[in-house]
Number of protein chains: 2
Amino acid sequence: MAEKTRSKIVSIKGARQPVTSYDVARHAGVSQSAVSRCFKPGASVSKKMRDRVMKAAEELGYEPNAIARSLISGRSNLVAIMISNLTNLYYPEVLAELTQRFSEHGVRVLLFALRSEADANETLQQIWPYRVDGVIAAAELSPEQVGEFEKRDVPLVFYNRHLTGSPVSSVCCDQEDGARQLVDGLFKAGHRRFAIIAGPPESVVGVERKTAAIERIEELGADDPPILEGDYSYESGFALAEELMKHKKKRPDAVICANDVMAIGALDAFRVNHGLNAPEDISVVGFDGVGPSHWKSYNLTTIRQPVRRMTEAAVTMLMAMIEEPGLPNEKRVFSGIFQAGGSAQFETGN
Amino acid sequence: MAEKTRSKIVSIKGARQPVTSYDVARHAGVSQSAVSRCFKPGASVSKKMRDRVMKAAEELGYEPNAIARSLISGRSNLVAIMISNLTNLYYPEVLAELTQRFSEHGVRVLLFALRSEADANETLQQIWPYRVDGVIAAAELSPEQVGEFEKRDVPLVFYNRHLTGSPVSSVCCDQEDGARQLVDGLFKAGHRRFAIIAGPPESVVGVERKTAAIERIEELGADDPPILEGDYSYESGFALAEELMKHKKKRPDAVICANDVMAIGALDAFRVNHGLNAPEDISVVGFDGVGPSHWKSYNLTTIRQPVRRMTEAAVTMLMAMIEEPGLPNEKRVFSGIFQAGGSAQFETGN
DNA sequence: ACATAGATTGCATTCGAATGCAAGATGAAT
DNA sequence: ATTCATCTTGCATTCGAATGCAATCTATGT
């Protein structure tokens, strides 16, 4: 075929404009491949050529088609972010950070908000067709599900999750260490009657926070704490604090909550329903360091997760795995940062 | 060419598996187009064929390539969601809802979190190459930017924004009506000295809330309220409440805030720094009905936005515009729902 | 058994950009 | 001016699925 006559259907309204690299090429009097190269950083193009093509592209309003590019190059420049409960106060910040950082790498984010952990399978089915370059999972995945990633060679980085006994890459906050810090500080300040408002049993980080706290309490020789399981919501924190007050005689004097929001719920229950103020009457600590933990009504003593550093690490790791396929897995653990507040009698060590 | 010998590079590790429709076709002993049709709902395929193909696809682990499909069909099944400040407590819920609803339509979400309104141009440049089928914008766009959508025939639905004087489709909460409800209820309860903690001047909804409140206050014959501008953050609510207390003599008795978070900040400032409790000493109302507005320490009197109905409307509208290109623009306005709380002396009308 | 409408199927082409290869252009060194 | 190395450029092919068209098959009615 001498000349591929691409008969564009030019709409009468003159609006539609699927300007392709061929159009630009014709307008600039060069070949399509030249146009392609001009839009590829680092390609071998003379200045004269580049100027000419860019001018033509400008004039026609050309925008490279990422879809076509992905198809031929095998790189979609898309990553998927799976988040199990977006309405958990902690995640919006994480999501915003991740999105912006990926954006700086020229990578776009496909968002998947799981309704529940059970959605994971369905979500994965939705992800695969888009041939994403990688995935950040802030959601629990089963070993089988992780296997699907390996089968497809899709890089995966867990965010604040990990599969115990599996080498999958992850970026985490050191839950155990944080929990120990909290117990220690409370203990030093004189607390002996602990209680734990834990996360749901499916939550790996929740379990870690809980387990480490229990162990530390035991190590220090305090009584075994009552352990109540919540779902990370304000309401559950509130309700479980109520539960703790059922036996007024031996109510706890220090309540360790698996996240800030439940801690806030507990504080409210103690204060509103029982007239107990923190830190005079009872100590309450949380975990995460979300925005509202700073609100004056709560002023939470908590462990703040270094979100910026963690998201940066997650993005860097995933990008590296994408660029260099064979890269070994890596787990990065960041220490939580103690955030002094007024919700607990607390003494930091030295 | 008798037979297109597709020489797949079968990796030695046996892991890689870009199974294509050709592979499935060969394995099932049918043509590639047959495979394609089997994966297209509503296509003309016999049961026998479908079973055979599906079995082969299953055996090979075939997953249709959405990228290739998009290229030829001209539909990416992607929508972009632009959100200006994700960390605003109000948006995570919106985002989660939108994502899940789109997912039910087989549409995936590309997320763009703008660092500031100024990022819009850059963001649009990132969006166009992906040939998204439509966009939901919870961010301010200039008329020029909206023009870019029209030029490309990309359906656009504003969420809680709109361009005054332009017919772009949008889903909004009735800000004016909500503001009036709040003023009315406060007035009926006896308040006469209003103050307004407004949103930033760039925020269209903020301006609407403010303007409507001012007008109503004037209509009712109360004094012109002082108007302070915040940035929707807790800190700004707190600081502006402080500001209002500078002139103790004639401090306001009812403070109308442009969103819940600032209202919460104001409540804390009044209580913590000045010993003023709501609603006895001062009334404070917010707007949005975010999660923390229910927290017992605040128990905010506010106008809740019907997020579920609004997101449903937004998704339905955008999908309709995508399916039927010529569709006229439409603006849907939902009334906010009065949410009784304990942060204000308030009397609902009858 | 035969004609015919309707349902299935395969063939060949298409979407838009990237890229290996070879041809052509440019420049440097002699 | 000649040769060779280095840049540039264009040609032709490729990615993987969708689809118009024509060929084939099926079923139905007579």
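Scroll up a little and you will see the structure.
A brief structural summary. (Residues numbered from 1 in each chain as written. Chains lettered and ligands numbered in written order. Predicted model: local features only at pLDDT ≥ 70, side-chain atom pairs only at ≥ 80, totals over all residues. Heavy atoms only, no water.)

### Some words on the interface of chain B and chain A
Under the convention used in this document: Contacts between residues were defined by any pair of non-hydrogen atoms, one from each residue, lying within 4.5 Å. Once two parts are brought into contact, the accessible area they lose, counted with a 1.4 Å probe and summed over both, makes up the buried area. Just to be clear on terms, a salt bridge is a Lys or Arg side-chain nitrogen sitting within 4 Å of an Asp or Glu carboxyl oxygen. Polar contacts here mean pairs of N or O atoms no more than 3.5 Å apart (in protein, one a potential hydrogen donor and the other a potential acceptor; neighbouring residues in sequence count only if both atoms are side-chain atoms). Helix and strand labels come from DSSP, where a helix needs a run of H or I of at least four residues and a strand needs a run of E of at least two; each type is numbered from the N terminus.
Listed as interface residues are 55 residues of chain B and, on the opposing side, 55 residues of chain A. Here chain B and chain A share an interface that buries about 5,100 Å² over both sides, 60% of which is from carbon and sulfur atoms. Among the residues of chain B in contact with chain A, B:Ile67, B:Tyr130 and B:Trp295 are the three that bury the most area, contributing 15% of the side total. Across the chain B-chain A interface, the total number found is four salt bridges. We note a salt bridge from B:Arg115 to A:Glu104, for which the minimum N-O separation is 3.4 Å. Along the contact surface separating chain B from chain A lie 29 residue pairs in polar contact (both at pLDDT 80 or more). Broken down by secondary-structure element, the contributors of at least two residues to the side of chain B that touches chain A are helix 4 (66-73), helix 5 (91-104), strand 2 (108-113), helix 6 (120-127), helix 7 (143-152), helix 10 (234-244) and helix 11 (260-274) of chain B.

### Structural notes on the packing of aromatic side chains
The line we're drawing: Stacked, tilted and edge-to-face are the three classes applied to pairs of Phe, Tyr and Trp rings, where Trp contributes its six-membered ring and a pair requires centres within 6.5 Å; stacked means planes under 30 degrees apart, edge-to-face means over 60, and tilted covers the rest. In this scheme, a residue with accessible area under 20% of its type's maximum is buried, one over 50% is exposed, and one in between is partly exposed, where area comes from a 1.4 Å probe on protein chains only. Lysine NZ or arginine CZ positioned within 6 Å of the ring centre and within 35 degrees of the ring normal marks a charge as sitting over the ring.
A complete count under the given rule lists 16 aromatic pairs over all chains for this structure. Between the aromatic rings of A:Phe39 and A:Tyr62, the centroid separation amounts to 5.1 Å while the plane-to-plane angle is 75°, which identifies the pairing as edge-to-face. You can see A:Phe39 sitting in the loop between helix 2 (32-38) and helix 3 (47-60) and its partner A:Tyr62 sitting in the loop between helix 3 and helix 4 (66-73), a full 23 residues away along the chain. A residue is classified by how much of its surface remains accessible, and A:Phe39, at 23% relative accessible area, is partly exposed. Taking the centre distance of 4.6 Å and the plane angle of 20° together, the rings of A:Phe338 and A:Phe346 count as stacked. The class of A:Phe346 is buried, set by a relative accessible area of 18%. When the ring centre of B:Phe287 is taken as origin, the NZ or CZ atom of B:Arg209, which lies over that ring, is 3.9 Å away. In this structure, B:Lys296 packs its charged tip against the face of A:Phe238, placed 4.6 Å from the ring centre.

### A closer look at the relation of the copies chain B and chain A
Put simply, the rule reads: Superposition of the copies used a least-squares fit over C-alpha atoms from residues whose pLDDT is at least 70 in both.
The transformation that overlays chain B on chain A combines an axial shift of 0.0 Å with a rotation of 180°, and the residual RMSD is 0.1 Å. Both chain copies can therefore be described as sitting about a two-fold axis. Ranked by how close their C-alpha atoms come to the rotation axis, the residues of chain B are headed by B:Leu110, at 2.3 Å. Comparing interface residues between copies, 100% of those in chain B also lie at the interface in chain A; the contact surface is shared.

### Observations concerning the protein's contact with DNA strand D
Basically, it comes down to this: Here a residue is considered near a molecule or strand provided that any single heavy atom belonging to it is located within 4 Å of it. When residue character is reported, Ala, Val, Leu, Ile, Met, Phe, Trp, Tyr, Cys and Pro are called nonpolar, Asp, Glu, Lys and Arg charged, and the others, Gly included, polar.
Inspection of the region around DNA strand D gives 28 residues, with A:Arg37, A:Ser46, A:Ile72, B:Ser21 and B:Lys40 positioned closest. The protein-proximal atoms of DNA strand D, defined as those within 4 Å of the protein, are 58% sugar or phosphate. Here A:Ile72 contributes a backbone N or O atom positioned 3.5 Å from a base oxygen of DNA strand D. A distance of 2.7 Å is found between a phosphate oxygen of DNA strand D and a side-chain nitrogen or oxygen belonging to B:Arg69. Broken down by class, the residue content of the surface near DNA strand D amounts to eleven nonpolar, eleven polar and six charged.

### As for the state of the cysteines
Put simply, the rule reads: Our working definition of a disulfide is a cysteine sulfur pair at a distance within 2.5 Å.
Considering all chains together, one arrives at zero disulfides over all chains under this definition. B:Cys172 carries a free sulfur, and the closest cysteine sulfur to it, the one in B:Cys173, is 8.4 Å from it.

### What to know about helix 8 (residues 175-188) of chain B
One turn of an α-helix holds 3.6 residues; hence residues three or four places apart share an orientation. All names here are of chain B. Threshold: To estimate how far a helix should reach, multiply one less than its number of residues by 1.5 Å.
For helix 8, spanning 14 residues, the distance from its first C-alpha to its last is 20 Å, which sits close to the expected 20 Å at 1.5 Å a residue. Residues of helix 8 that are buried: Gln175, Gly178, Ala179, Leu182, Val183, Gly185, Leu186 and Phe187. Against strand 5 (170-173), strand 6 (194-198), helix 9 (204-219), strand 8 (254-257), strand 9 (283-285) and strand 10 (302-304) lie the buried residues of helix 8. Of the residues flanking the start of helix 8, the one acting as N-cap is Asp174, its side-chain oxygen 3.3 Å from the backbone nitrogen of Glu176. Positioned one or two residues after helix 8, Gly190 has a phi angle of 110°, which is positive.

### Thoughts on the packing of helix 10 (residues 234-244) of chain A against helix 11 (residues 260-274) of chain A
All names here are of chain A. How we decide: As a rule, the C-alpha atoms of each element are fitted with a line to give its axis, helices using only the stretch in contact, and angles between N-to-C directions run from 0 to 180 degrees. Our angle categories are set so that under 35 degrees counts as roughly parallel, over 145 as roughly antiparallel, 65 to 115 as roughly perpendicular, and the remainder as oblique. Two helices cross in a left-handed way if the nearer one is turned anticlockwise from the farther one by less than a right angle. They cross in a right-handed way if the turn is clockwise.
The geometry of helix 10 relative to helix 11 is characterised by a closest axis approach of 7 Å and an angle of 50° between their N-to-C directions. In terms of axis orientation, helix 10 runs oblique to helix 11. As for the relative orientation of helix 10 and helix 11, their crossing is right-handed in sense. Contact residues: helix 10 offers Tyr234, Ser236, Gly237, Phe238, Ala241, Glu242 and Leu244, while helix 11 offers Val261, Met262, Ile264, Gly265, Ala266, Asp268, Ala269, Phe270, Asn273 and His274.

### Considering helix 9 (residues 204-219) of chain A
All names here are of chain A. Taking 1.5 Å of rise per residue, the 16 residues of helix 9 would be expected to cover 22 Å, and the 22 Å separating its terminal C-alpha atoms lies within 8% of that figure. Along helix 9, the residues that are buried comprise Val205, Gly206, Glu208, Arg209, Lys210, Ala212, Ala213, Ile214 and Ile217. Those residues of helix 9 that are buried lie in contact with helix 8 (175-188), strand 6 (194-198), strand 7 (227-229) and strand 8 (254-257). Two residues or fewer past helix 9, Gly221 is found with a positive phi of approximately 85°.

### With respect to the packing of helix 1 (residues 21-28) of chain B against helix 3 (residues 47-60) of chain B
Residues and elements named next belong to chain B. Contact geometry for helix 1 and helix 3: axes closest at 9 Å, N-to-C directions at 120°. Judged by the inter-axis angle, helix 1 sits oblique to helix 3. The handedness of the crossing between helix 1 and helix 3 is right-handed. In contact with Asp23, Val24, His27 and Ala28 of helix 1, helix 3 contributes Arg52, Val53, Ala56, Ala57, Glu59 and Leu60.

### Observations concerning the sheet that holds strand 8 of chain B
Residues and elements named next belong to chain B. The test is simple: Any two strands between which DSSP finds at least two bridges are classified as paired.
Read from one edge of the open sheet, four strands run 7-6-8-9, paired in parallel fashion. Taken across any chain shown, the strands that pair with only one partner, and hence form the sheet edges, are strand 7 (227-229) and strand 9. Adjacent strand axes in the sheet meet at a mean angle of 15°, parallel and antiparallel pairs treated alike. Bridging between strand 6 and strand 7 involves three bridges; their strand directions are parallel. Bridging across to strand 7, Ile196 finds its partner in Ile227.

### Examining the sheet that holds strand 7 of chain A
Backbone hydrogen bonds hold the strands of a sheet together, and the pairing may be parallel or antiparallel. All names here are of chain A. The four strands lie next to each other as 7-6-8-9, forming an open sheet whose pairing is parallel. Edge positions in the open sheet fall to strand 7 and strand 9 (283-285), since each of these has one partner strand only. Along the sheet, successive strands turn relative to each other by an average axial angle of 15°, direction set aside. Alignment of strand 8 against strand 9, held across three bridges, turns out to be parallel. When the sheet's bridge partners are listed, Val255 is paired in strand 9 with Val284.

### What about the protein's contact with DNA strand C?
Lining the immediate surroundings of DNA strand C are 29 residues, of which A:Ser21, A:Lys40, B:Arg37, B:Ser46 and B:Ile72 lie closest. Of all atoms in DNA strand C that approach within 4 Å of the protein, 58% are sugar or phosphate atoms. One of the side-chain N or O atoms of B:Ser33 is found 3.1 Å from a base nitrogen in DNA strand C. When contributions to the surface near DNA strand C are tallied by element, the ones reaching two or more residues are helix 1 (21-28), helix 2 and helix 4 of chain A together with helix 2 (32-38) and helix 4 of chain B. The class makeup of the residues in the surface near DNA strand C is eleven nonpolar, eleven polar and seven charged.

### Observations regarding the environment of A:Asp133
Residues and elements named next belong to chain A. Following the sequence through the fold, Asp133 ends up in the loop between helix 6 (120-127) and strand 3 (134-138). Measuring from C-alpha to C-alpha, the distance between Asp133 and Met319 comes to 8.9 Å, with 186 residues separating the pair along the chain. Setting aside anything within four residues of it in sequence, one finds Asp133 in contact with Gly74, Arg75, Ser76, Asn77, Leu78, Pro155 and Ile322. Here the side chain of Asp133 touches Arg75 through a polar contact of 3.2 Å, side chain to side chain.

Distances and angles like these do not, on their own, reveal function.
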